[in-house]
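Chain by chain, the residues run as shown.
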Amino acid sequence: MKKIGVFICHCGVNIKDTVDVERLTEELADYPGVVYLENYMFMCSDPGQNLIKKAIAEHKLDGIVVAACSPTLHESTFQNAIEEVDINKYQMEIANIREQCSWVHNVKEDATLKAKLIIKSAIEKLRLNESLIPVSAPLTKRVLIIGGGITGIQAALDIADGGYEVILVEKKPSIGGHMIQLSETFPTLDCSQCILTPKMVQAGKNKNITLYANSEVESIEGFMGNFTAKIIRKPQYVDPDKCTMCDDCTSACPVVVPDEYNEGLSFRKAIYVPFPQAIPSSYTIDMEHCLGFEPIACGECREACEPDAINYDVKTEEISEKIGAVIIATGYDLYPVENMAEYGYGKYPDVLIGLQFERILSATGPTGGVMLRPSDGTVPKNIVFIQCSGSRDPERHLSHCSKICCMYTLKHAKLYKHKVPDGQSYIFYIDIRSGGKRYEEFIQQAVSEEGIIYIRGKVAKVYKEGDKMIVHGMDTLTGKKMEIETDLVVLSQGIVPSEGARQLAKSLKLSTDEAGFLIEAHPKLRPLESLQSGFYLAGAAQGPKDIPDAVAQASGAAAKVLALMANDEISHEPVIAYVDDNKCSGCGICIGICPYGARVLENGIAIVNDVLCEGCGACISACPSGASQQRNLTDDQINNMIKVILG
Amino acid sequence: MSNFEPKIVCFLCKWCTYSGADLDGTSRLKYPPNGVVIKTMCSSRIDPEHILYAFQQGTDGVFIGGCHPGDCHYQTGNYKTQRRVLLLQKLLQQMGINFERLQLEWISASEGKKYANKIIEFTDKIRELGPVSRMDGKEDIE
């Protein structure tokens, strides 16, 4: 019989206060197979691990059960520890007596009894565990990055600099994301475009980066190290090699539509360059608004094009790329402003959202950087900013804090003051969250030197009277109702994951939180990885983030990917299905049930492809003859666990 | 019957409900200690025979937690589980075991609160049904 050691962790007081560890140590001593027991304050600490290693050597243990926190935290810690003393890492089982016992129960007697059952079931599983060797598989040293905003660009550049090939996929016709729309950035007031465009150019020119703009990832199949991505590349209809950027085509185009880059504050043609610094630098025909060319309804742009760069016959391409890892950097969108009817957005042209105001402030914006309000083109003499528009309102809107709004609102107010020195701005706020480097100083300076007035409270209603906007609100510090007559209202709209990101997460099987942001493998210790191996997260796709955080996360994710790429091959979890030849009748039920095509019939027996099998176990419960089993989670192991649980 | 504390076996998928249950711990939510968890890679690993074996060994209830439809880490495992559970509930009923003693719930990694609530509800329901017996099944599942 396997000689088993049981190590019970106190986790300081986290386990010990609710679970009687001394009693467990005594009572489990005569459990079959258990030859050594020990409890200790912190098993995960160095002394704790040494205690385990010493016990393995002294008592010639074949395997151990560590009763401690969830396996998500320290499974690998203890696996590595026993490997140091030449015990196969699969001869270790975690009994999760913290997250699923001591932290969720109050009564010590109950928690202790439950912990005992958890430990016994772990012992039963361990008893039949085999020593396994990870399956090794080849590694494709190419990386897919989804999203070409600042996060995706930074990650792409870092990985390309490391010498590996990057496929950068951007949904829009140009990379640059939201950052290219910004005027200046807090807290340094750097010109956003000036700091971003050099990076965009680098990304466009780097030999290691293949850029697919106007493209979307449809599916990713395979496993870590060996994925195949299917990318749908929509045609731009303009050959960038022939195009001279002369702009004759846009003058010829008769279709006028709101310009996305300027958030609808100006207009563009159906054939257009998204913005002057676009990468790839080329025109695109927006098929949604073009009069059509099947048959050709207008054709003005092609006739106007002297270098003959326009080709209507280009079709949507389906590109297949082999990659080893994926970074998701799909970014954010603003919370749909249609949901905020009380603020009159859409009804009054002088109610704007933050990104629109950003465009008015920008030198490349619809007013050329002159501060004018949309309704009548006059200079607004005062502005009311409404923070937390849609954020921190779990009853009606988003429950989360969008993190960047406090800072960008203040930046707006400051830039406004620089453009209209005699102007006055008011900011309605719930709290001011300025927890970044030099953020608080940025705020204090604005309040003391620039005369920006902060009003703590919420706005109930915005309406128009004459050519003024009236903002009704409450100052919650004085308890008084407020009514401010203003020229312009700007909503600091909350942040949600970008459109389509939720769908992408769903098709890639990445878990998301209630708001749709991607969930990291561990909120503190593995913030850059998804639980799905081979997928890494960066930027606002994981949660609201400012530029410094997004860039830091991008480089972090890139470092993770570079570490992976430095291997010659990857190891694949060996906890997979196998077949008992003697029992298999060759019925083939498992073949149809396997989602990975890992099962094939060979000489009348259904075998398992070790590299393709992901170890879900669906084929095992489907096997009518019990021939299919899962390594280290066989039917016998499950039944033995059930038996002791019900003891 | 008042002192009856049911024994419950919980099969939880590692990717969703098991993490959801961990979240209860980190959030310090409380629920009754009657259920002990067996972690599987996917809810589709749970062979109906294991559930029957659990009842044979005297469990008062079996709780299965899997990923929401469309969210299965292994694409379609949860659909397989749902089909198996629905069928098995009918079979249990025919064997004279109340089908409500077997419950399947979709609980994601972020739904700690849902896991706690479902375990509280399920434990209460099993307490009400009393110790498992071959005679507690209703006549007809419909």
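Residues numbered from 1 in each chain as written. Chains lettered and ligands numbered in written order. Predicted model: local features only at pLDDT ≥ 70, side-chain atom pairs only at ≥ 80, totals over all residues.

A. Here's a closer look at the overall build of chain B. A tally of helices and strands in chain B yields four helices and four strands. Each helix and strand of chain B, placed in order from N terminus to C terminus, yields the pattern β-α-β-α-β-α-β-α. Against the 2.2 N^0.38 benchmark of 14 Å for 142 residues, chain B shows a C-alpha radius of gyration of 14 Å, consistent with a compact globule. Projected onto the principal axes, the alpha-carbon positions of chain B cover approximately 40 × 35 × 25 Å. In chain B, buried positions account for 57% of the 142 residues. (Helix = DSSP H or I, 4+ residues; strand = E, 2+ residues; numbered from the N terminus. Rg over C-alpha atoms; globule rule 2.2 N^0.38 Å. Buried ≥ 20, exposed ≤ 12 C-beta atoms within 10 Å, placed from the backbone.)

B. The arrangement of the sheet that holds strand 3 (residues 61-66) of chain B in detail. Residue and element names in this part refer to chain B. Taken in spatial order, the four strands line up as 2-1-3-4 in an open sheet, and their pairing is parallel. If you trace the sheet from one side to the other, it starts and ends with strand 2 (35-40) and strand 4 (102-106), each paired once. Going from strand to strand, the sheet's axes swing by 20 degrees on average, the running direction of each strand aside. Of the strands in this sheet, strand 3 and strand 4 are in contact with helix 3 (residues 77-94), which crosses strand 4 at around 160 degrees. (Pairing = 2+ DSSP bridges. Axes fitted to C-alpha atoms, helices over the stretch in contact; angles between N-to-C directions. Contact = placed C-beta atoms within 7 Å.)

C. Spatial organisation of the packing of helix 1 (residues 17-27) of chain B against helix 4 (residues 112-129) of chain B. Residues and elements named next belong to chain B. Between helix 1 and helix 4, the least distance of the axes is 7 Å, while the angle of their chain directions is 95 degrees. Taken together, the axes of helix 1 and helix 4 lie roughly perpendicular to each other. Residues Thr-17, Gly-20, Ala-21, Leu-23, Asp-24 and Ser-27 of helix 1 form the contact with helix 4, whose own contacting residues are Gly-112, Lys-114, Tyr-115 and Ala-116. (Parallel < 35°, antiparallel > 145°, perpendicular 65-115°, else oblique.)

D. The arrangement of the pairing of strand 11 (residues 215-223) of chain A in detail. Residues and elements named next belong to chain A. Pairing geometry for strand 11 and strand 12 (residues 226-233), over eight bridges, is antiparallel. Residue pairing for strand 12: Val-217 is matched across the bridge by Ile-231. Remark: two residues form the turn of the hairpin made by strand 11 and strand 12, two consecutive strands paired antiparallel; Gly-225 in that turn has positive phi of roughly 95 degrees.

E. Layout of unusual backbone geometry. Residues and elements named next belong to chain A. A cis amide bond links Phe-186 with the next residue in sequence, Pro-187, at an omega value of -5 degrees. Looking at the secondary structure, you find Pro-187 in the loop between strand 8 (184-185) and strand 9 (190-191). The omega torsion across Ile-279 and Pro-280 is 0 degrees, close enough to zero to call that bond cis. By the element assignment, Pro-280 lies in the loop between strand 15 (271-272) and strand 16 (284-285). Positive phi values are uncommon outside glycine, yet Cys-11 reaches one of about 45 degrees. You can see Cys-11 is positioned in the loop between strand 1 (4-9) and helix 1 (21-27).

F. Representation of the interface of chain A and chain B. Between chain A and chain B, the residue contacts involve 40 residues of the former and 40 residues of the latter. Elements with a minimum of two residues in the side of chain A that touches chain B: helix 4 (98-102), helix 5 (108-127), helix 16 (618-622) and helix 17 (635-646) of chain A. Per element, the largest residue contribution to the side of chain A that touches chain B is eight residues, and it comes from helix 17 of chain A. Here the residues of the side of chain A that touches chain B are counted per class, giving 17 nonpolar, twelve polar and eleven charged. (Nonpolar A, V, L, I, M, F, W, Y, C, P; charged D, E, K, R; others polar.)

G. Representation of the environment of Ile-64 of chain B in the model. Take Ile-64 of chain B: it is sitting in strand 3. Along the chain, Ile-64 of chain B and Ser-133 of chain B lie 69 residues apart, while their C-alpha atoms are 20 Å from each other.

H. A look at the domain arrangement of chain A. Assigned domains of chain A: these are domain 1 (4-134), domain 2 (142-234 + 317-331 + 501-565), domain 3 (248-304), domain 4 (334-496) and domain 5 (576-630). Of the residues lining the interface, six residues belong to domain 3 of chain A; the matching set on domain 4 of chain A comes to seven residues. (Domains from an automatic or database assignment.)

I. Broad picture of the sheet that holds strand 4 (residues 92-96) of chain A. Residue and element names in this part refer to chain A. Spatial ordering of the open sheet is given by 2-1-3-4, a layout of four strands whose pairing is parallel. Edge strands, defined here as strands with exactly one partner in the open sheet, are strand 2 (34-40) and strand 4. Strand after strand, the sheet turns through a mean of 15 degrees between neighbouring axes, direction not considered. Across the sheet, helix 2 (residues 46-59) is in contact with strand 1, strand 2 and strand 3 (63-68); its angle to strand 2 comes to roughly 160 degrees. Across the face of the sheet, helix 3 (residues 71-84) comes into contact with strand 3 and strand 4 while running at roughly 150 degrees to strand 4.

J. Region of the structure containing helix 3 of chain A. All names here are of chain A. For helix 3, with 14 residues, the first-to-last C-alpha span of 19 Å sits near the 20 Å given by 1.5 Å per residue. Looking at helix 3, one finds that the buried residues are Pro-71, His-74, Phe-78, Ala-81 and Ile-82. Looking down the long axis of helix 3, one finds its buried residues gathered within 115 degrees of arc, a one-sided arrangement. Among the exposed residues of helix 3, those pointing more than 90 degrees away from its buried face are Ser-76 and Glu-84. Once helix 3 finishes, Asp-86 follows within two positions and takes phi at roughly 60 degrees, a positive value. (Expected span 1.5 Å × (residues − 1). Arc of directions from axis to C-beta.)

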